[in-house]
Amino acid sequence: MENICDHKNCKKIGKYKAPIEKDNSKKFKWLCLDHVKEFNHGWDYFKGMSDQEVCEFLKSDITWHKPTQSFSSPNNFFNILWKNTLNEEGVVFRNRHEKKIKTKINFSDKDKEAFNIIELSVGTKWDKIQNQFKKLVKKYHPDMNAGNKKFEEKLKIITLAYTQLKLSYKGNK
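Residues numbered from 1 in each chain as written. Predicted model: local features only at pLDDT ≥ 70, side-chain atom pairs only at ≥ 80, totals over all residues. Heavy atoms only, no water.

## So, helix H1 (residues 33-42)
For step 1, the next point in the chain: What H1 keeps buried is the set His35, Val36 and Phe39. The buried residues of H1 occupy one face: seen down the axis, they fall within an arc of 100°. H1 presents Lys37, Glu38 and His41 as exposed residues on the side facing more than 90 degrees away from its buried surface.
For step 2, the next point in the chain: At its buried positions, H1 is contacted by strand S1 (16-19) and strand S2 (28-31). (Buried < 20%, exposed > 50% of the residue type's maximum accessible area, 1.4 Å probe, protein only. Helix = DSSP H or I, 4+ residues; strand = E, 2+ residues; numbered from the N terminus. Arc of directions from axis to C-beta. Contact = heavy atoms within 4.5 Å.)

So this is what it looks like as structure tokens:
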């Protein structure tokens, strides 16, 4: 079923959606080509907003209008993960008497893939893995990349790879 243009006294077919309100709701009207052009020409999303409100909107738009936490926030997931990483330094390769443990680890295919993700060669020592993980977290953290979702996904993959290696190294104490 075709829609009729919602413009007053227009009987043309309305093929184009135009928002009724600027709150990004699902409310819209159907307009014909002539009237949607007229609508678009006069549309001003920021009409009635002060300069400060426009600036606040644009700043919020950078993060899709979702609140973000600074990297140093105590309840930030990546901050918690980071602190846990720092607290584990040296645990894998030393026993309680601080003697180095020499052990051969048989790395699985998942481990090898994890090494590849964090850009290290298979069998790299744990302290170098931790340092590389820290470096990659800083590089790909969304707060360091204007909230770009591409970097957030990359960081999730890196975190999973690090977790995989952590499990493998801990299992070989």
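## Considerations on unusual backbone geometry
Negative phi values dominate among residues other than glycine, just as trans dominates among peptide bonds.
For step 1, the next point in the chain: Notably, Asn9 is not glycine yet its phi reads approximately 65°, a positive angle.
For step 2, the next point in the chain: Here Asn9 shows up in the segment before S1.
For step 3, the next point in the chain: Judged by its relative accessible area of 70%, Asn9 is exposed.

## Notes on the nonpolar core
For step 1, the next point in the chain: Membership of the largest hydrophobic core comes to 18 residues, with the highest contact counts inside it found for Ile118, Ile129, Leu165 and Tyr169.
For step 2, the next point in the chain: Secondary-structure elements contributing two or more residues to this core are helix H4 (109-117), helix H5 (126-140) and helix H6 (149-170).
For step 3, the next point in the chain: It is H6 that provides the largest number of residues to this core, a total of seven residues.
For step 4, the next point in the chain: If near-sequence neighbours (up to four positions away) are discounted, Ile118 is found in contact with Ile129, Gln132, Leu136, Ile158, Ala161 and Leu165. (Core = buried A, V, L, I, M, F, W, Y, C linked by side-chain atoms within 4.5 Å.)

## Some details on the packing of aromatic side chains
For step 1, the next point in the chain: All told, the structure shown has twelve aromatic pairs when counted by the stated rule.
For step 2, the next point in the chain: The interplanar angle of 85° and the centroid separation of 5.5 Å between the aromatic rings of Phe28 and Trp30 together place this pair among those described as edge-to-face.
For step 3, the next point in the chain: When its relative accessible area of 34% is taken as the criterion, Phe28 is described as partly exposed.
For step 4, the next point in the chain: Taken together, the ring pairs in this structure connect Phe107, Phe115, Trp126, Phe133, Tyr162 and Tyr169 into an aromatic cluster. (Phe/Tyr/Trp six-rings, centres within 6.5 Å; stacked < 30°, edge-to-face > 60°.)

## Examining the state of the cysteines
When the sulfur atoms of two cysteines share a covalent bond, that bond is a disulfide.
For step 1, the next point in the chain: Throughout the structure, instances matching the rule amount to zero disulfides.
For step 2, the next point in the chain: Here Cys32 is not disulfide-linked; the sulfur of Cys5 is the nearest cysteine sulfur, at 3.8 Å. (Disulfide = S-S within 2.5 Å.)

## What about the packing of H5 against H6?
For step 1, the next point in the chain: Packing of H5 against H6 brings their axes to within 10 Å, and their N-to-C directions diverge by 165°. Judged on the interaxial angle alone, H6 and H5 are roughly antiparallel. For the element pair H5 and H6, the recorded crossing hand is left-handed. Together, Trp126, Ile129, Gln130, Phe133, Leu136, Val137 and Tyr140 of H5 and Phe151, Glu152, Lys154, Leu155, Ile158, Thr159, Tyr162, Leu165, Lys166 and Tyr169 of H6 make up the contact between the two elements.
For step 2, the next point in the chain: For the contact of H5 with H6, the class distribution of residues is twelve nonpolar, two polar and three charged. (Axes fitted to C-alpha atoms, helices over the stretch in contact; angles between N-to-C directions. Parallel < 35°, antiparallel > 145°, perpendicular 65-115°, else oblique. Left-handed = near helix turned anticlockwise from the far one by under 90°. Nonpolar A, V, L, I, M, F, W, Y, C, P; charged D, E, K, R; others polar.)

## Structural notes on the pattern of salt bridges
Proximity of charged atoms lets side chains of opposite charge pair with each other.
For step 1, the next point in the chain: In total, this model carries three salt bridges according to the counting rule given.
For step 2, the next point in the chain: With a shortest N-O distance of 2.6 Å, Lys12 and Asp34 are connected by a salt bridge. Residue Lys12 is found in the segment before S1, and its partner Asp34 is found in helix H1; the two are separated by 22 residues along the sequence.
For step 3, the next point in the chain: Of the residues examined, Asp34 reaches a relative accessible area of 45% and is grouped as partly exposed.
For step 4, the next point in the chain: Residues Glu153 and Lys156 are paired through a salt bridge, measuring 3.6 Å at the closest nitrogen-oxygen approach. With Glu153 and Lys156 both in helix H6 and three residues apart, this pair spans about one turn of that helix.
For step 5, the next point in the chain: Owing to a relative accessible area of 38%, Lys156 belongs among the partly exposed residues under this scheme. (Salt bridge = Lys/Arg side-chain N within 4 Å of Asp/Glu carboxyl O.)

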